[in-house]
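# Structural features, examined
Chain residues, written in single-letter form:
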Amino acid sequence: MCSEGIIERYVNFYTDFAFKKLFGTEINKELLVSFLNALLDGKEVVRDITYLNTERLGTQEYDRRAVFDVYCQNEKGEYFLVEMQKGEQQFFKDRSIYYSSFAIREQAPKGVWDYELKSIYTIGILNFCFEKEGTDYYHEVKLVELKTKEVFYDKLTFIYLEMPKFTKTEGELETLFDKWLYAIRNLASLMERPRILQEKVFAHLFEAAEIAKFDRIERYEYQESLKAYRDWFSVMETAEIRGMEKGMAKGMEK
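About the criteria used
Residues numbered from 1 in each chain as written. Predicted model: local features only at pLDDT ≥ 70, side-chain atom pairs only at ≥ 80, totals over all residues. Heavy atoms only, no water. Helix = DSSP H or I, 4+ residues; strand = E, 2+ residues; numbered from the N terminus. Contact = heavy atoms within 4.5 Å. Core = buried A, V, L, I, M, F, W, Y, C linked by side-chain atoms within 4.5 Å. Buried < 20%, exposed > 50% of the residue type's maximum accessible area, 1.4 Å probe, protein only. Polar contact = N/O pair within 3.5 Å; in protein donor to acceptor, adjacent residues only side chain to side chain. Axes fitted to C-alpha atoms, helices over the stretch in contact; angles between N-to-C directions. Parallel < 35°, antiparallel > 145°, perpendicular 65-115°, else oblique. Left-handed = near helix turned anticlockwise from the far one by under 90°. pLDDT = per-residue confidence, 0-100. Phe/Tyr/Trp six-rings, centres within 6.5 Å; stacked < 30°, edge-to-face > 60°.

## Structural notes on the side chain of Ser-100
- Within the secondary structure, Ser-100 sits in helix H3 (residues 92-105).
- Excluding its chain neighbours within four sequence positions, the residues that come into contact with Ser-100 are Leu-81, Ile-120, Thr-122, Leu-156 and Phe-158.

Set out below in structure tokens:
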């Protein structure tokens, strides 16, 4: 958690404001392109992206609305849905699948169509752990044939990053992906750009994330977003403590 008041030099990445400013704006799209390429590690190369409308309505008025954090296409027309999740939700995986369905459905053109689809990547940067056991922070999910364990369909990919499990120190960073995860997790606690993050893209990141360079409106919006994040964190922490207390009380009764 950040301390009260704006005494940090850089934004807290896990706030809605910071995430959308750094990864969801045209002026900073170099940051998202670099992050995606580091994440995909050569399996796919993203040279450019086009941001899409982040609100998608269902096919009927009564359909539930989906709002994505960042929704874009690369130069080959492939879709990327990137979300930042502050905390665990009961049906997080269901929500993730549901959101990916919008990128599938909107590919259908009017008229004759042979059903060929462009690839879809759903990426979750998670400030919680949905797998309580183990230390793996990177999870890549595809449709597979259970008997052979071979990929059945390679155009639908879900990647989840459990950020609390990423514990590498500055001296342990090796790849560009390591550096991105380190920057994301530690941004708000840093007072200067670490020496290890010398790539040009990180100079851009730290300049865009510096609170002192915000205008009055941006500073107000960030403050409100930071307050919402802290309030949410406090509520979740209180609920966890209450749950533990109830569990202990029941144990004592038994």
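From this point, the discussion proceeds with the structure in view.
## Some points on the nonpolar core
- In this structure, Phe-13, Leu-22, Phe-23, Leu-32, Phe-35, Ile-125 and Trp-180 are the most contacted members of the largest nonpolar core, which totals 54 residues.
- The greatest single-element share of this core, amounting to eight residues, is contributed by helix H2 (residues 29-40).
- Residues in contact with Leu-22, not counting those within four places in the same chain, are Val-11, Phe-13, Asn-28, Leu-31, Leu-187, Leu-205, Ala-208 and Ala-209.
- Formed by 16 residues, the second largest nonpolar core is a distinct cluster that contains Phe-68, Tyr-79, Leu-126 and Phe-128.

## Considering the side chain of Thr-15
- Structurally, the position occupied by Thr-15 is in the segment before helix H1 (16-23).
- Among the polar contacts made by the side chain of Thr-15, one reaches the main-chain amide nitrogen of Ala-18 at a distance of 3.2 Å.

## Some details on the packing of H2 against helix H4 (residues 176-186)
- Contact geometry of H2 with H4 gives a least axis separation of 8 Å together with a crossing angle of 125 degrees. Taken together, the axes of H2 and H4 are oblique relative to one another. Regarding H2 and H4, the two cross each other, and that crossing is left-handed. The segment H2 lies against H4, with Leu-31, Ser-34, Phe-35, Ala-38 and Leu-39 engaging Leu-176, Phe-177, Trp-180, Leu-181 and Ile-184.

## As for the confidence of the model for the chain
- Chain-level statistics for the chain give a pLDDT mean of 88 and a share of 85% at 70 or above.
- Considering only residues more than four positions removed or in separate chains, one finds that residues 1-6, a stretch of pLDDT under 50, has 15 contacts.

## Thoughts on the packing of aromatic side chains
- Taken as a whole, this structure holds 26 aromatic pairs when the rule is applied.
- Pairing Tyr-138 with Phe-177 gives two aromatic rings, centres 6.1 Å apart and planes at 85 degrees, and the pair type is edge-to-face. Here Phe-177 lies in helix H4 and Tyr-138 lies in strand E7 (residues 138-145), a separation of 39 residues in the sequence.
- Owing to a relative accessible area of 12%, Phe-177 belongs among the buried residues under this scheme.
- With a centroid separation of 5.1 Å and 50 degrees between ring planes, the pair formed by Trp-180 and Phe-202 is classed as tilted. Here the residue Trp-180 occupies a position in helix H4, and Phe-202 occupies one in helix H5 (residues 200-208), the gap between them amounting to 22 residues. Per residue, the accessibility class of Trp-180 equals that of Phe-202, and both read buried.

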